[in-house]
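Fold and geometry: a report
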Amino acid sequence: MKNFKSTAWILPLFIPELRSSLLSLGRVQARLTLLLLTCSLASCLTNNISEAERFEASVRKELPFRIDSLRWFDGVDMATYQFADQGYIPTLPDAEIGMNGDVSVYRTFDFQNTSPQTEDKVWRNVVVSKKNQRIICIDRYLRDGRTHGYVYVLQCETKKFPTLGQYHWDVSDPHNIESAGAALDHLRDLTLKRIKGNGHYAVPASQDDYWALMFHADSLFADGLYAEAKQIYDLAFTEERYILPSQLSTVAKKMMAIRNDEVPQVFLNHHVQIEKDYYDEPSSCPFPQLRDTFELRKQKWNYNLPLKEKLEWIFERDQYDRTLWNQTANRHPEQTHRNEMLRVRTWNTDSINLITVNEVLSEGGFPRKSQVGEFALLAVWLVFQHNPLEQQQAFLPQLEEAVRNGDIAPMYLAMLKDRIDIREGRPQKYGTQWGPDGLCPLLDASRVNEWRKEVGLPPIATTHSSSTRSQ
């Protein structure tokens, strides 16, 4: 900008017509005219720069070290940038943060000895700018010898940057140190979560891997780390055989709430590809490319969409809460308080789901596959599979009728019968129930695989024990 201003002063002197007219003016008038011309030319250039670009330029000027790249994070409320450098940035931090969240203050004394940064430490620098009424927090970490990090800007609303400020109070005022400190503590937690979110995750190789990725992505999303969450969602949805289809639409709707681009459509397209009878109400679809597909599928299937969506949501919540509880209990048995909370939440979900499904059954009987599709019907079976014995006994005749009508596969009836038999103290016929000591007692081990084949279940080995499995 300085170079442009100096050029703007000289430029009129090289235009003959303008120079001659200026010479006819008095010294003061000429000077004033040149000033107005300069301001006009400068404003033309400034008007071509967006507020966000001016904001980023002003932030760069206040960073305590040079960086190679700076990328804005879309969909984040607080002004947040991700940066990377080709090498190691040795500039001393104001504080050092361990991966467990512990904070050590640096530069307490000028003669304090410091060691180079390591990959298990986050270095933080904090810049307080009274001029711009902002605090800039820079958290950086090492990966393979390179510095990466995040720049957070706690910005007050100002005349210069009105739409990029979040605070109605001066964050740089010492009187507000406690509130600013609380914000910095929150940013520490976000940084650690972001770094862990950028860890070495792989394509899921099992159903457990899929769920672990989904739990992690949901946690990132809940903390407003939308870019990182999308990366993990993409990874989780790579292997189609493990995907719970309704979760594609659930994630798409979450993304639609925070961003208006092609990302939600990508997830909906994926759902369309892997579930042949999936569609949403065409008139409410925000993506023109999908409306025709939805309209064709609506004409073909004509499902009761509100009922279908209700049942699929029940299925999803049942599996989500139960799997999260099981994974946490198996991987972190020491987290007794959290495990107990997850157990209670799972049981509460079972109770709520049972009330909802009983209402559906009392109002219209067992839904037909032609009404809601096969996947939604599994939710009805699953709810009773995870509820008390007396509820299972009462539901059994309805499930038997649904199998006779061809609405649900015989294997699901076999699993419920086995569960009832084991709970009533009898051996199971089909070998679908497992306990802490392995496979529960069989009615006839020599015929179990014959019976399993009749209902569409694969054969099992009956001479070994296995760990507990939940259906």
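Residues numbered from 1 in each chain as written. Predicted model: local features only at pLDDT ≥ 70, side-chain atom pairs only at ≥ 80, totals over all residues. Heavy atoms only, no water.

1. What about the overall build of the chain?
- When helices and strands are counted, the chain shows 17 helices and nine strands.
- Each of the 471 residues in the chain was classed as buried or not, and the buried ones make up 45%.
- In the chain, once contacts between residues fewer than 6 apart in sequence are set aside, the share between residues at least 24 apart is 57%.
- For the chain, the accessible surface area stands at approximately 25400 Å², while carbon and sulfur atoms represent 54% of it. (Helix = DSSP H or I, 4+ residues; strand = E, 2+ residues; numbered from the N terminus. Buried < 20%, exposed > 50% of the residue type's maximum accessible area, 1.4 Å probe, protein only. Contact = heavy atoms within 4.5 Å. Areas by Shrake-Rupley, 256 points an atom, 1.4 Å probe, with all protein chains shown as cover.)

2. Side note on the nonpolar core
- Counting 90 residues, the largest nonpolar core has Tyr210, Tyr233, Phe237 and Phe267 as its most contacted members.
- If you tally residues by element for this core, the top one is helix α14 (residues 374-385), at 10 residues.
- Counting residues in each nonpolar core, the second largest holds 17 residues, with Leu63, Ile67, Ala79 and Phe161 among its members. (Core = buried A, V, L, I, M, F, W, Y, C linked by side-chain atoms within 4.5 Å.)

3. Observations regarding the pairing of strand β6 (residues 134-143)
- Counting buried positions along β6 yields nine of 10 residues, so the element is predominantly enclosed.
- The hairpin turn running from strand β5 (residues 121-129) into β6, its antiparallel successor, is four residues long, and Gln133 in that turn takes a positive phi close to 50°.
- Between the antiparallel neighbours β6 and strand β7 (residues 146-155) lie two residues, among them Asp144 with a positive phi of about 55°. (Pairing = 2+ DSSP bridges.)

4. What to know about the packing of aromatic side chains
- Using the criterion set out here, one finds 22 aromatic pairs in the structure.
- Ring centres of Phe384 and Phe395 lie 3.9 Å apart, and the angle between their planes is 5°; on these two criteria the pair is classed as stacked. Linking Phe384 in helix α14 with Phe395 in helix α15 (residues 389-404), this pair joins segments that are 11 residues apart in sequence. Here Phe384 matches Phe395 in class, with each residue buried.
- Three or more aromatic residues joined by ring pairs make a cluster, and in this case those are Tyr210, Trp211, Phe215, Tyr233, Phe237, Phe267 and Tyr320.
- Over the face of the ring belonging to Tyr150 we find Arg194, whose NZ or CZ atom lies 5.2 Å from the ring centre.
- Arg317 extends its terminal NZ or CZ atom over the ring of Tyr320, reaching a point 4.5 Å from the ring centre. (Phe/Tyr/Trp six-rings, centres within 6.5 Å; stacked < 30°, edge-to-face > 60°. Lys NZ or Arg CZ within 6 Å of the ring centre and 35° of its normal.)

5. Notes on helix α6 (residues 207-222)
- Spanning 16 residues, α6 covers 23 Å between terminal C-alpha atoms, matching the ideal 22 Å at 1.5 Å per step.
- Among the residues making up α6, those that are buried are Tyr210, Trp211, Leu213, Met214, Phe215, His216, Ala217, Asp218, Leu220 and Phe221.
- Just past α6, the residue Gly224 takes up positive phi, approximately 80°. (Expected span 1.5 Å × (residues − 1).)

6. Regarding the sheet that holds β6
- Read from one edge to the other, the open sheet built from seven strands follows the order β1-β2-β7-β6-β5-β3-β4, with strand pairing classed as antiparallel. Looking along the sheet, the strands with just one partner apiece sit at the ends: β1 (69-72) and β4 (103-105). With direction set aside, neighbouring strand axes in the sheet form an average angle of 25°.
- Where strand β3 (residues 95-98) and β4 come together, three bridges link them in antiparallel fashion. Across the sheet, residue Ile97 finds its bridge partner in β4, namely Val103.
- On top of the sheet, helix α4 (residues 51-62) reaches β1, β2 (79-84), β5, β6 and β7; it is set at about 70° to β6, its chief contact. (Axes fitted to C-alpha atoms, helices over the stretch in contact; angles between N-to-C directions.)

By themselves, these figures tell us nothing about what the structure is for.
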